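Fold and geometry: a report
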There are 2 protein chains.
Amino acid sequence: MKKKITLKQIARELDVSISTVSKALRDSIEISEDTRQKVQAFAKLYNYRPNNIALSLKNRKTKTIGVIIPEIVHHFFSKVIRGIELVANKRGYNVIVGLSNESFDKEVINMQMLANGSIDGFILSISKETLQQQDYHHFKETISQGMPIVMFDRIVNEIHCDKVIIDDSKGSKNAVMKLLSSGCKHVAIITTKDYVSVGKLRTQGYLDALEEFKMSPETDLILKVDDELVSEDHLESLEREIEDLFKRNKKIDGVFAVNELYAIIAMKVARNLGMKIPEDIQFIGFTDGVLSKHATPSLTTVNQHGQQMGEKAAELLIDNLEREDEEEHYTTVVIETELVERNSTK
Amino acid sequence: MKKKITLKQIARELDVSISTVSKALRDSIEISEDTRQKVQAFAKLYNYRPNNIALSLKNRKTKTIGVIIPEIVHHFFSKVIRGIELVANKRGYNVIVGLSNESFDKEVINMQMLANGSIDGFILSISKETLQQQDYHHFKETISQGMPIVMFDRIVNEIHCDKVIIDDSKGSKNAVMKLLSSGCKHVAIITTKDYVSVGKLRTQGYLDALEEFKMSPETDLILKVDDELVSEDHLESLEREIEDLFKRNKKIDGVFAVNELYAIIAMKVARNLGMKIPEDIQFIGFTDGVLSKHATPSLTTVNQHGQQMGEKAAELLIDNLEREDEEEHYTTVVIETELVERNSTK
DNA sequence: TGTCAACACGAAAACGTTTTCGCTGATTAT
DNA sequence: ATAATCAGCGAAAACGTTTTCGTGTTGACA
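Taking an unreviewed UniProt entry as the reference, chain A is identified by name as LacI family transcriptional regulator belonging to Gelidibacter sediminis.

See the structure below:
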């Protein structure tokens, strides 16, 4: 087991100074052709690579990005990570991930662990609990210590930083308008409680679309699901709620759901109730994932372009990190959504 | 913007030496009660936290685990990451991820980037290209430099290290036996080319089950899909292959697929051909994911317990890292699979 | 022969810690 | 009164780099 070799060891072996070795490896003109070749050959032979940690300490930057997301077993977030990793690697950065598990405490702890020198900046999406408690001091502190943050998807206006979002309300409006213009007269929405910012915005888009069509919203067609209860196991209760919705409102002929899973489950319920999709009732979901693609019928969805969001977030962060001038100018990038039409709509 | 404070700054402010500050903060008995309180108060006030990078350099360990997986937008791998992250964090470690994208070169580069001091050890699953080329020199080098590796799922016997796997052939055998014992007479398998180790093993399990039932395998019931072609876009060709399979062999009444997607697609094809599931034909897939759960009918699958694999891998690695004695003894942990019975089987 | 520039290299500081060792002044024991 | 102990603190090394500055040797030139 040969341990990693260092400059010092090379220097000792070749009977020169550490500085000489360092310079020779970096092709400094200070060093004679002779010694340079000698050093480089030796270094290659022993497969020398500079120690990243030492470099980080010296340069006071780690070339590493910290990513904090609420959950990784989730198509959207893993796509974002892939995007981040893609451009980070291309630009010579590593990616270190922390999962908040939708918990405020874990979010704070994770940020503290990483903020002490391990990384140069954060890319994150806020946990539900944090959004609910509206306690953002950890973000403020991090930023005030000079560590840049880029937020994506779940953001909060109160914090000043770069942001990458989609136009949730616009995307939803388009989706609902698609339903309305293909003949739906009674479109229901399955959404979350309002504290989840995206849920609120998507509901707004639904209302906007109705207004565009001069229709007035019926409160009974708006189903606000308690998101806490839909964690894996409580799906039956969700099914029951949706079934009730359908039974109470026989005339529903279109459904817009603020995520993929709600839509898939709603389709299942509808099918069990004997409705034909898309003839009797049409469905559109938000956030394109594997489920939408492979469901039967395949689900029309609003694609959020998660990977693109990740790429953009990484670019914003790295641009910021490598910017010379220190003037603060935060930008908010809006990624366009796209309606992916499949077989759950006409 | 107040930059992070260091020992040196505290020392200067309080007019003591750096050593005194360090000792005071670590509650050394060398320091008088007086100065200790003074220093600790000051440190708390300015929210002092030791710089991780400096600590890493000094201790020659980073308390960080490098994870390299072929793909992150994949239910199984993201579950593994969650498992790794869970125990890593619990034991004070960070997780840094690299994606090989199933490419040999990216795998090598990623490992080199991380191996130069950034991490203490690797957890990885080998990329398909690497398996195909059978070039494992980067693993050997890493290990010979004293950096431990834990492999999971896609492993290779040639490399000596800790491993976490499932018993692919046993899990498959159980699945196929379930089909056979519930009445199937002609069970087909949809698998991959043999260089993917898990594909090969799962095929073996299929054969074992047949033998157990004194049935001889029919080559025409074994469909080996070229995995390269199934990347997102070439799904239609897969559908056609499966359709051909069904048309050639009208008597197929059971299908075992080596992954979730193949099974879902096969179900779709079967349904389009007018077969009833599970009455006419039964299906079982491998690797439990969202698709299986929410498909109609829901798919019976072999659950790999990805999160548990991740947890175990992290434990093995950290145990190794924190072990005092240097004796090498590599273990291979086999995680039990579990047949999750749903509606695609009787 | 003496001066100067060019060349090739080494010493040392710096990044932020921890830790070993040595030093000083005071208290205790002889 | 002298020696020995001890409490409390600081200096310095070490981790592995990069970089600035200094220094010695060589050759050319006046």
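Here the narrative resumes.
A few points about the domain arrangement of chain A
Its domain assignment divides chain A into domain 1 (7–50), domain 2 (62–165 + 307–336) and domain 3 (168–305). Centre-to-centre, using C-alpha coordinates, domain 1 of chain A lies 39 Å away from domain 2 of chain A.

Things to note about the relation of the copies chain A and chain B
Each copy superposes on the other: chain A lies on chain B with an RMSD of 0.2 Å after a rotation of 180 degrees and an axial shift of 0.1 Å. A rotation of that kind, with that shift, is consistent with a two-fold axis. Within chain A, A:Ile96 has its C-alpha nearest the rotation axis, a separation of 2.0 Å. Comparing interface residues between copies, 100% of those in chain A also sit at the interface in chain B, which points to an isologous, same-surface contact.

Focus on the sheet that holds strand E3 (residues 121–124) of chain B
Read across the sheet, 12 strands follow the order E11(A)-E5(A)-E4(A)-E3(A)-E1(A)-E2(A)-E2(B)-E1(B)-E3(B)-E4(B)-E5(B)-E11(B) without closing on themselves; strand pairing throughout is mixed. Each of the sheet's edge strands pairs with one partner strand only, and the pair in question is strand E11 (332–335) of chain A together with strand E11 (332–335) of chain B. Pairs of neighbouring strands in the sheet enclose a mean axial angle of 20 degrees, with direction left out of account. Its contacts with the sheet put helix H8 (residues 137–144) of chain A on strand E3 (121–124) and strand E4 (149–152) of chain A, and the angle it makes with E4(A) is roughly 145 degrees.

Describing the protein's contact with DNA strand C
Around DNA strand C lies a shell of 28 residues, among which A:Thr20, A:Lys23, A:Glu30, A:Thr35 and B:Lys58 are the nearest. A share of 57% is what sugar and phosphate atoms reach among the atoms of DNA strand C within 4 Å of the protein. In the model, a base oxygen of DNA strand C is placed 3.4 Å from a nitrogen or oxygen of the A:Lys58 main chain. Residue B:Tyr48 places a side-chain N or O atom 2.9 Å away from a sugar or linking oxygen belonging to DNA strand C. Counting only elements with at least two residues in the surface near DNA strand C, the list comes to helix H2 (18–25) and helix H4 (52–59) of chain A together with helix H1 (7–14), helix H2 (18–25) and helix H4 (52–59) of chain B. When its residues are assigned to classes, the surface near DNA strand C shows 9 nonpolar, 9 polar and 10 charged.

Considering the pattern of salt bridges
The final tally for this structure, using the stated rule, is 40 salt bridges over all chains. With a shortest N-O distance of 3.9 Å, A:Asp27 and A:Arg36 are connected by a salt bridge. What makes A:Asp27 partly exposed here is its relative accessible area of 45%. Between B:Lys268 and B:Glu239 there is a salt bridge, with its nearest N and O atoms 3.8 Å apart. A residue pair is termed long-range when its members are at least 10 positions apart, and B:Lys268 in helix H12 (residues 260–272) and B:Glu239 in helix H11 (residues 235–248) qualify at 29 residues. In this structure B:Glu239 comes out as partly exposed when scored by relative accessible area, which is 26%.

As for the sheet that holds strand E9 (residues 282–286) of chain A
All names here are of chain A. The strand order across the open sheet built from 6 strands is E7-E6-E8-E9-E10-E12, with neighbouring strands paired in mixed fashion. Taken across any chain shown, the strands that pair with only one partner, and hence form the sheet edges, are strand E7 (222–225) and strand E12 (338–340). The sheet shows a mean angle of 20 degrees between the axes of neighbouring strands, taken without regard to direction. For E9 and strand E10 (residues 300–303), the ladder comprises 3 bridges, and the chain directions are parallel.

Some details on the environment of A:Thr191
All names here are of chain A. Secondary-structure assignment places threonine 191 in strand E6 (residues 187–192). Residue classification places threonine 191 among the buried residues on the basis of a relative accessible area of 0%. Among residues more than four places away in sequence, those in contact with threonine 191 are Gly199, Thr203, Ile222, Leu223, Lys224, Val225, Val258 and Tyr262. At 3.1 Å, the side chain of threonine 191 forms a polar contact with the side chain of threonine 203.

Looking at the UniProt feature "domain: HTH cro/C1-type" (unreviewed entry) in chain A
When the UniProt feature table is mapped onto this chain, "domain: HTH cro/C1-type" (unreviewed entry) is found at residues 2–53 of chain A. The span residues 2–53 of chain A is 60% helical and 0% strand by assignment, and the distance between its end C-alpha atoms comes to 19 Å.

A short note on the UniProt feature "domain: HTH lacI-type" (unreviewed entry) in chain A
On the UniProt side, "domain: HTH lacI-type" (unreviewed entry) is annotated at positions that read residues 5–59 of chain A here. Across residues 5–59 of chain A, the secondary structure splits into 67% helix and 0% strand, with the terminal C-alpha atoms separated by 21 Å.

Brief notes about the protein's contact with DNA strand D
Around DNA strand D sit 28 residues in total, of which A:Leu7, A:Lys58, B:Thr20, B:Lys23 and B:Glu30 are the nearest. Within 4 Å of the protein, atoms of DNA strand D come from sugar and phosphate in 57% of cases. A distance of 3.2 Å is found between a base nitrogen of DNA strand D and a side-chain nitrogen or oxygen belonging to B:Ser19. Contributing elements (two or more residues each) for the surface near DNA strand D: helix H1 (7–14), H2 and H4 of chain A together with H2 and H4 of chain B. If you tally residues by element for the surface near DNA strand D, the top one is H2(A), at 4 residues.

Section: the packing of aromatic side chains
Residue and element names in this part refer to chain B. Using the criterion set out here, one finds 12 aromatic pairs over all chains in the structure. Judged by centre distance (5.3 Å) and plane angle (55 degrees), the rings of phenylalanine 76 and phenylalanine 77 are tilted. Residue phenylalanine 76 is classed as buried on the basis of its relative accessible area, which comes to 5%. Take phenylalanine 77: its relative accessible area is 2%, and that puts it in the buried class. When the ring centre of phenylalanine 286 is taken as reference, the NZ or CZ atom of arginine 202 above it lies at 3.8 Å.

Notes on the pairing of E11(B)
All names here are of chain B. With burial as the criterion, only one face of E11 is covered, namely that bearing Val333 and Ile335; the residues Thr332 and Val334 on the opposite face remain uncovered. With 4 bridges connecting them, strand E5 (residues 162–166) and E11 associate as parallel partners. Its bridge partner being in E11, isoleucine 165 is matched across the sheet by valine 334.

Here's the deal with the nonpolar core
Membership of the largest hydrophobic core comes to 144 residues, with the highest contact counts inside it found for A:Ile123, A:Phe246, A:Phe283, B:Ile123, B:Phe246 and B:Phe283. When residues no more than four places from it in sequence are discounted, the contact partners of A:Ile123 are A:Ile65, A:Gly66, A:Val67, A:Ile68, A:Ile84, A:Val150, A:Phe152, A:Ala313, A:Ala314 and A:Leu317. The next biggest cluster of nonpolar side chains, apart from the first, holds 41 residues, and it includes B:Leu114, B:Leu124, B:Ile155 and B:Val156.

With respect to the interface of chain A and chain B
On the side of chain B, 56 residues touch chain A, which itself brings 56 residues to the contact. Taking both partners together, chain A and chain B bury about 5100 Å²; carbon and sulfur atoms supply 55% of that area. For chain A, the biggest contributors to the area lost against chain B are A:Ile53, A:Asn116 and A:His294; these three give 13% of the whole. Along the contact surface separating chain A from chain B lie 4 salt bridges. For B:Lys106, the salt bridge goes to A:Glu85, with nearest N and O atoms at 3.6 Å. Taken together, the connections running from chain A to chain B amount to 14 residue pairs in polar contact (both at pLDDT 80 or more). Looking at which element gives the most residues to the side of chain A that touches chain B, the answer is helix H5 (residues 75–90) of chain A, with 7 residues.

Reading the values: rules and limits
Residues numbered from 1 in each chain as written. Chains lettered and ligands numbered in written order. Predicted model: local features only at pLDDT ≥ 70, side-chain atom pairs only at ≥ 80, totals over all residues. Heavy atoms only, no water. Domains from an automatic or database assignment. Least-squares fit on C-alpha atoms with pLDDT ≥ 70 in both. Contact = heavy atoms within 4.5 Å. Pairing = 2+ DSSP bridges. Helix = DSSP H or I, 4+ residues; strand = E, 2+ residues; numbered from the N terminus. Axes fitted to C-alpha atoms, helices over the stretch in contact; angles between N-to-C directions. Near = heavy atom within 4 Å. Polar contact = N/O pair within 3.5 Å; in protein donor to acceptor, adjacent residues only side chain to side chain. Nonpolar A, V, L, I, M, F, W, Y, C, P; charged D, E, K, R; others polar. Salt bridge = Lys/Arg side-chain N within 4 Å of Asp/Glu carboxyl O. Buried < 20%, exposed > 50% of the residue type's maximum accessible area, 1.4 Å probe, protein only. UniProt positions renumbered as here; feature names shortened; annotations may be inferred. Phe/Tyr/Trp six-rings, centres within 6.5 Å; stacked < 30°, edge-to-face > 60°. Lys NZ or Arg CZ within 6 Å of the ring centre and 35° of its normal. Core = buried A, V, L, I, M, F, W, Y, C linked by side-chain atoms within 4.5 Å. Buried area = accessible area lost by both parts, 1.4 Å probe.

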